[in-house]
Each structure stands twice: as structure tokens, then as C-alpha cells.
Amino acid sequence: MGRDLVLVTEMAVKGGVDLVQIREKHKDFAAFQSVTLRLKEMLDHYGVPLIVNDNLAVARSCCVSGIHVGNSDMLPADIKKLWHNDVLLGYSIEYEEQLFNSQIQHTDYLGVSPVFNTLTKNDTVTAWGLDGISKIRSLTDKPLVAIGNIHAENTYDVIRAGADCLAVVSAICGAENPEQAAAEIRNQIEKAI
């Protein structure tokens, strides 16, 4: 893509994105912190919260709104011991049994990951599909964030299946016009609720 992350994100926010997560698994601390601070400065201007994926040190040093972790990351219970309780803590659900482990009680929302197969999340167990979202919705009252190959064409169905929120990467960041792509997805969300 070659486009600046902060500029693309700003276009997406103008199109209706109201929460952003930064995921930089391969950057060292200094590089991750630097881009996170740039992104947070822009998002603060719009009043949009920022969540860091799987890096507690970066999340804390940048005073972001929360952190999101998966199965191979730091446990939610451990994060809550080290970071104050007024930040958002998300946890990716890759298999049904996770809904019944003790970590769930420490989380604010659950990421259903992936809903559909995607190149940006290739280290996951299985794709949930719409039936999977519906099943998880029947088993928990926590907010659900649908992750994985979400775009304007499937947004309506994903929300109607039980997701409260969507995590979108390629459909916005890879679009020629990220603002328009975000607006189309936002429009589908509003139709579904």
C-alpha cells in the first residue's frame, strides 16, 4: 500500500470509524510507540479512542484507551493486575471453550476471530462464520467485535448475526478511498441496527 497509516486512519475516521486498534506485531518498542503516539495525537483531535494490540508496554506508555489480546498473548487477568481498571480490555475468541475460562471475567469485550478467512489473520484456529457469531452471542452478554474479512458486502449480515462492532482492515486500508469505504460500512451497520 505504501500510504501513511495516520493519514489513512484519519480518512477512515472521517468516514465514520469511531474506534481504532493498532496492530504492529513486528515492530520493536520504539517504532511501535512512535507510530502509536502519532496515531493517538490525530485520534484525540477527533475524540476517537485508540486500542493497542498485544503490547502492554506501548499501551501504557502512550496512555491509550485499552489493549486487545489473543490466546498466545499476555493473559487478561495479568493485564488487569498491571494496568488500571478503567481501560478497555479485549480478548479474541478462537474456540468456544474460551467462553468458559476464567480469563473472560477480566475482559470488557470479545473479539470473534476470524469470522471469515483472511490474509491479515492467518494464525487462527478456524473461521466462525455467521452461525458462529450467533452461537457466541447466545452464550455471552459481553459486546462482540467481529474480526476477519469484514467489508461492506457482509457487514449487514455480521451485525444481524449478533456482532456489536466490526474490526476492519483491508476493506478500508486497501481501498482507493478509505473515507468512502468506511462510510459504506458505517451505512450498512446503521441499516442493520
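Note that the coordinates shown come from a computational prediction; the quantities given were computed from them, not determined experimentally.

*Asks:* Hey, could you go over the nonpolar core for me, with residue numbers and the actual values?
*Replies:* Soluble, globular proteins show a tendency: their nonpolar side chains are buried together. With 50 residues, the main nonpolar core has Leu 39, Leu 43, Ile 67, Ile 93, Ile 133, Ala 146 and Leu 166 as its most contacted residues. In this view, Ala 146 contacts Val 112, Val 115, Ile 133, Val 158, Ala 163, Cys 165, Leu 166 and Ala 167; residues no more than four positions away in its chain are not counted.

*Asks:* Describe the sheet that holds strand 7 (residues 165-167), listing the residues and the values that go with them.
*Replies:* The parallel open sheet is built from seven strands, whose spatial order is 1-2-3-4-5-6-7. Either end of the sheet is taken by a strand with one partner, and the two such strands are strand 1 (20-22) and strand 7. Geometrically, the sheet is characterised by an average inter-axis angle of 25° between neighbouring strands, direction not taken into account. In terms of strand pairing, strand 1 meets strand 2 (residues 50-53) through three bridges, oriented parallel. Paired with Val 20 across the strands is Leu 50, a residue of strand 2.

*Asks:* Tell me what's going on with the UniProt feature "binding site: Mg(2+)" (unreviewed entry) in the protein chain, and back it up with residues and numbers.
*Replies:* Within this numbering scheme, the UniProt entry marks Asp 54 and Asp 73 as carrying the feature "binding site: Mg(2+)" (unreviewed entry). In sequence the annotated residues extend across 20 residues, while in space they remain close, none of their C-alpha pairs exceeding 6.2 Å. Inspection of the secondary structure puts Asp 54 in the loop between strand 2 and helix 3 (56-61). Judged by its relative accessible area of 25%, Asp 54 falls in the partly exposed class. Filtering out sequence-adjacent residues up to four positions away, Asp 54 remains in contact with Lys 25, Ile 67, His 68, Val 69, Asp 73 and Met 74. Only 2.9 Å separates the side chain of Asp 54 from the side chain of Lys 25, close enough to count as a polar contact. Here Asp 73 shows up in the loop between strand 3 (66-69) and helix 4 (76-82). The contacts of Asp 73, once residues within four sequence positions are left out, are Lys 25 and Asp 54. Polar side-chain contacts of Asp 73 include one of 3.3 Å to the side chain of Lys 25.

How each quantity is defined
Residues numbered from 1 in each chain as written. Predicted model: local features only at pLDDT ≥ 70, side-chain atom pairs only at ≥ 80, totals over all residues. Heavy atoms only, no water. Core = buried A, V, L, I, M, F, W, Y, C linked by side-chain atoms within 4.5 Å. Buried < 20%, exposed > 50% of the residue type's maximum accessible area, 1.4 Å probe, protein only. Contact = heavy atoms within 4.5 Å. Pairing = 2+ DSSP bridges. Helix = DSSP H or I, 4+ residues; strand = E, 2+ residues; numbered from the N terminus. Axes fitted to C-alpha atoms, helices over the stretch in contact; angles between N-to-C directions. UniProt positions renumbered as here; feature names shortened; annotations may be inferred. Polar contact = N/O pair within 3.5 Å; in protein donor to acceptor, adjacent residues only side chain to side chain.

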